[in-house]
Amino acid sequence: MLKRSAFLFLFVINILNSFAQEEELVSYTIGEKFHDKYRYSNMLAIADDGNEGTVIVRAYYTGIVLRPKGYFIEHYNKDLELVSEYNYKLKNANFIDAYVRNGQVYLLFLEYNYNTRSYQYEVHRSPFSQFQFTKETLLSIASDPVEQPLDRNFYNRNFSSGFTTSILFNDDKSAFAITTHYKKRKVDQHHIHVFDAGLNKLMEHDFSDEVEEKNYAFENIVFSKDLQHVYLVGKAYFKKKRFNATERKFQYEMVRVSKSGRSVQSFYTPGKFPESLKPIFKGNELLCIGFYADRKDNRYNGISYFNLDPKSLELKAEKFNPFSEQFMMDKFGREEDKAIKNLVFKGMDITKEGNILFNAEEYFTSKSVQSNSSGGRVMVTRYHHNDIISAKLSATGDLVWARNINKTEVTQGDGAYASYSAYTKNNTTYFFISTSSENPQQLSEDRIMFKQGLSRNRNVFLIRLDENGHMKYNKVIDDTEARLPLMVSAPYIDRLNDELMFYAKRGTKKQLVQVGVK
């Protein structure tokens, strides 16, 4: 009897210890709630201030019919206390992007100057220690006005409008590239302009001879450490090539640009169609990783891997890893109609052993017509953030495992509240999801489903995939503790201290929530 009691005691202690370890995976600090006068806004940027504090940039909207009226900047100290805030009133500006760097806030716009008949990339910047915005023109391109000069849609580019342009930042926003394509009659010009975050011009390259045969829609970018080489990846659309029924009208290509010239590499393998390729450096190796399809209808069948020479872009290795049976079971159960599509990269990390961990999300938009408060009809766009796909590749590009996390979310407003964020530490990937549900739905022994829920209050769940792809989850922040919903997909990530800073806001209340991964 005594032995049995001792065994039961040790068994209970082990269970309690395991629960304690589960709870200690993350720690969190919830900051004080502060009043905010702008009920409707979208977060544009969140970054550190260089002194353990946080800077947040938002666009705000007012009026009976909500219209953008300006930009609101908040500065918090390391104790999550609001130090200062500034209202930068600016109406009718064509906003592109925002970032915080070198002690300053940068706002980028694309405007048309009717006096000079040109499009201008303009930057408004100010120190956040003492706000005083200045304005400067970064780039000017002569062109007649067109309906949509900024191509935000990578998947349906319009090259016949006369002028089209796009801007791509690297992941840490230390540099960016602006591409401009101008076409009128026999004039067909494509230029690539490269800047660092301080707005110093690094290089300019005339890409016009390439567009005689193909139009380019770049999607992703990476820089060398010294910022002297830029690598752009995207779709190259053929202009005159004849296609058969099994081919696509474009192929993925990588373009390397430096002061001394350029190199171009196409990703073309018969019977394989790469998708959503993202470049990344692994030490001195240049990799390009994404998905692929066995046919041209955008239904993904697996994960693609390319290893290139950083100087010549010579293809040193390529691999196509089909999704495993375990992955397909995670995602679909026993359904027969299995189609994976609309995947968008969210994060990619290289482990100390050289393995590659990455995650993506099924994302698409839908439109419908509905009645408004005045009895009229209005077109509504909905943004769908569904399943998470996470995978691990070996150092040589072989698929180790791939897992699917079932999730369904849809929003008409600020997408920062939907989706998820991910952080990798010690070969384990941590996913943060915000949901009104108290627990995910158990689909089967190894399958769970996170649904959006209907409550205004949100729980934050932590999902963990260990080095072997085994999944666990638990609730880390209860909706009774954090009464404001977190913008869970847009944190500032401090990799040096293994911390994530989330902004939480509803109506006229706001606060910061700091989460540490142990």
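Please read all numbers here as calculations on a predicted model, not as lab measurements. (Residues numbered from 1 in each chain as written. Predicted model: local features only at pLDDT ≥ 70, side-chain atom pairs only at ≥ 80, totals over all residues. Heavy atoms only, no water.)

A. Expanded view of the sheet that holds strand S15 (residues 214-223). Overall, antiparallel pairing links the 4 strands, which are arranged S15-S16-S17-S18 in an open sheet. Two strands in the sheet have a free side with no partner beyond their single neighbour: S15 and strand S18 (261-267). Sheet twist, expressed as the average angle between the axes of neighbouring strands with direction ignored, equals 25°. (Pairing = 2+ DSSP bridges. Helix = DSSP H or I, 4+ residues; strand = E, 2+ residues; numbered from the N terminus. Axes fitted to C-alpha atoms, helices over the stretch in contact; angles between N-to-C directions.)

B. The packing of aromatic side chains, seen in detail. What the rule picks out here adds up to 34 aromatic pairs. Ring geometry for Tyr 86 and Phe 131: centres 4.8 Å apart, planes at 10°, overall stacked. Within this pair, whereas Tyr 86 is found in strand S6 (residues 82-89), its partner Phe 131 is found in the loop between strand S9 (118-127) and strand S10 (134-142), the two being separated by 45 residues in sequence. Exposure remark for Tyr 86: the relative accessible area of 28% places this residue in the partly exposed category. Taken together, the ring pairs connect Tyr 99, Tyr 106, Phe 169, Phe 176 and Phe 195 into an aromatic cluster. When the ring centre of Phe 169 is taken as reference, the NZ or CZ atom of Lys 173 above it lies at 4.9 Å. Geometry around Tyr 420 places Lys 346 over its ring, the cationic atom sitting 5.1 Å from the centre. (Phe/Tyr/Trp six-rings, centres within 6.5 Å; stacked < 30°, edge-to-face > 60°. Buried < 20%, exposed > 50% of the residue type's maximum accessible area, 1.4 Å probe, protein only. Lys NZ or Arg CZ within 6 Å of the ring centre and 35° of its normal.)

C. Examining the side chain of His 205 more closely. With respect to the helices and strands, the residue His 205 is situated in strand S14 (residues 201-206). The exposure class assigned to His 205 is buried, which follows from its relative accessible area of 11%. A polar contact of 2.8 Å, which involves the side chain of His 205, links it to the side chain of Arg 262. (Polar contact = N/O pair within 3.5 Å; in protein donor to acceptor, adjacent residues only side chain to side chain.)

D. Quick peek at the pairing of strand S30 (residues 447-451). Along S30, 4 of the 5 residues are buried, which leaves the element largely enclosed by surrounding structure. Inspection of the sheet shows strand S26 (residues 399-411) paired to S30 by 3 bridges, in the parallel sense. Paired with Thr 408 across the two strands is Lys 451, which belongs to S30.

E. The nonpolar core, seen in detail. Counting residues in hydrophobic clusters, the biggest one holds 23 residues, and the most contacted among them are Tyr 99, Leu 108, Tyr 121, Leu 138, Phe 176 and Ile 178. Counting only elements with at least two residues in this core, the list comes to strand S7 (95-101), strand S8 (104-113), S9, S10, strand S11 (163-169) and strand S12 (175-184). Ignoring anything within four residues of it in the chain, the contact list for Ile 178 reads Tyr 121, Leu 138, Leu 139, Thr 165, Ser 166, Ile 167, His 191, Ile 192, His 193 and Phe 195. Of all hydrophobic cores here, the second largest spans 22 residues; its members include Ile 280, Tyr 305, Ala 360 and Ile 389. (Core = buried A, V, L, I, M, F, W, Y, C linked by side-chain atoms within 4.5 Å. Contact = heavy atoms within 4.5 Å.)

F. Geometry of the sheet that holds strand S32 (residues 471-477). Spatially, 4 strands are ordered S27-S28-S31-S32 in an open sheet, and the strand pairing comes out antiparallel. Single-partner strands in this sheet number two, and they are strand S27 (420-425) and S32. Across the sheet, the axes of successive neighbouring strands diverge by a mean angle of 25°, strand direction being ignored. Both S27 and strand S28 (residues 428-435) contribute to a ladder of 6 bridges, which runs antiparallel. From the neighbouring strand, Tyr 423 faces S28, where its bridge partner is Tyr 430.

G. Representation of helix H2 (residues 325-332). Listed as buried for H2 are Phe 327, Met 328, Asp 330, Lys 331 and Phe 332. Along the long axis of H2, the arc covered by the buried residues comes to 165°, so they all point the same way. The elements touched by buried residues of H2 are strand S24 (356-371), strand S25 (377-393), S26 and S30. In this structure Ser 324 caps H2, since a side-chain oxygen of it lies 3.1 Å from the backbone nitrogen of Phe 327. Where H2 terminates, the next one or two residues include Gly 333, which has phi positive at roughly 65°. (Arc of directions from axis to C-beta.)

H. Summary view of the pattern of salt bridges. Going through the model one piece at a time under the given rule, you end up with 28 salt bridges. One salt bridge connects Glu 74 with Arg 58, and the closest N-O pair in it is separated by 2.5 Å. Of this pair, Glu 74 sits in strand S5 (residues 67-76) while Arg 58 is found in strand S4 (residues 54-62), placing the two residues 16 residues apart along the sequence. Given a relative accessible area of 0%, Glu 74 falls into the buried group. Among the residues examined, Arg 58 registers a relative accessible area of 1% and is labelled buried. (Salt bridge = Lys/Arg side-chain N within 4 Å of Asp/Glu carboxyl O.)

I. Representation of the pairing of strand S13 (residues 187-196) within the structure. Burial within S13 is extensive, with 7 of its 10 residues counted as buried. Bridge count for S12 against S13 is 10 bridges, and the pairing is antiparallel. Bridge pairing in S13 links Ala 175 to Asp 196. A loop of 2 residues connects S12 with S13, the two strands running antiparallel in sequence, and Arg 185 in this loop sits at a positive phi of about 55°. Where S13 meets S14, 5 bridges bridge the pair, whose relative direction is antiparallel.

J. Region of the structure containing unusual backbone geometry. Backbone geometry places Asn 92, a non-glycine residue, at a positive phi of 55°. Secondary-structure assignment places Asn 92 in the loop between S6 and S7. On the basis of relative accessible area, Asn 92 is assigned to the exposed category, the value being 72%. In this structure, Asn 427 is a non-glycine residue whose phi angle is positive, near 70°. With respect to the helices, strands and loops of the structure, Asn 427 is situated in the loop between S27 and S28. Asn 427 sits in the buried class, given a relative accessible area of 15%.

K. Highlighting the environment of Ser 312. Relative to the assigned elements, Ser 312 resides in the loop between strand S21 (302-308) and strand S22 (315-322). Separated by 50 residues in sequence, Ser 312 and Arg 262 place their C-alpha atoms 8.8 Å apart. In this structure the side chain of Ser 312 is engaged in a polar contact, spanning 3.2 Å, whose partner is the backbone nitrogen of Glu 314.

L. Seen up close, the side chain of Thr 428. Relative to the elements of secondary structure, Thr 428 occurs in strand S28. Beyond its immediate sequence surroundings of up to four residues, Thr 428 is in contact with Tyr 423, Arg 464, Leu 465, Asp 466 and Glu 467.

M. Fine view of the environment of Met 487. Along the chain, Met 487 turns up in the loop between S32 and strand S33 (492-494). Taking relative accessible area as the criterion, Met 487 reaches 1% and is therefore assigned buried. The spatial distance from the C-alpha of Met 487 to the C-alpha of Ala 416 is 4.8 Å, given a sequence separation of 71 residues.

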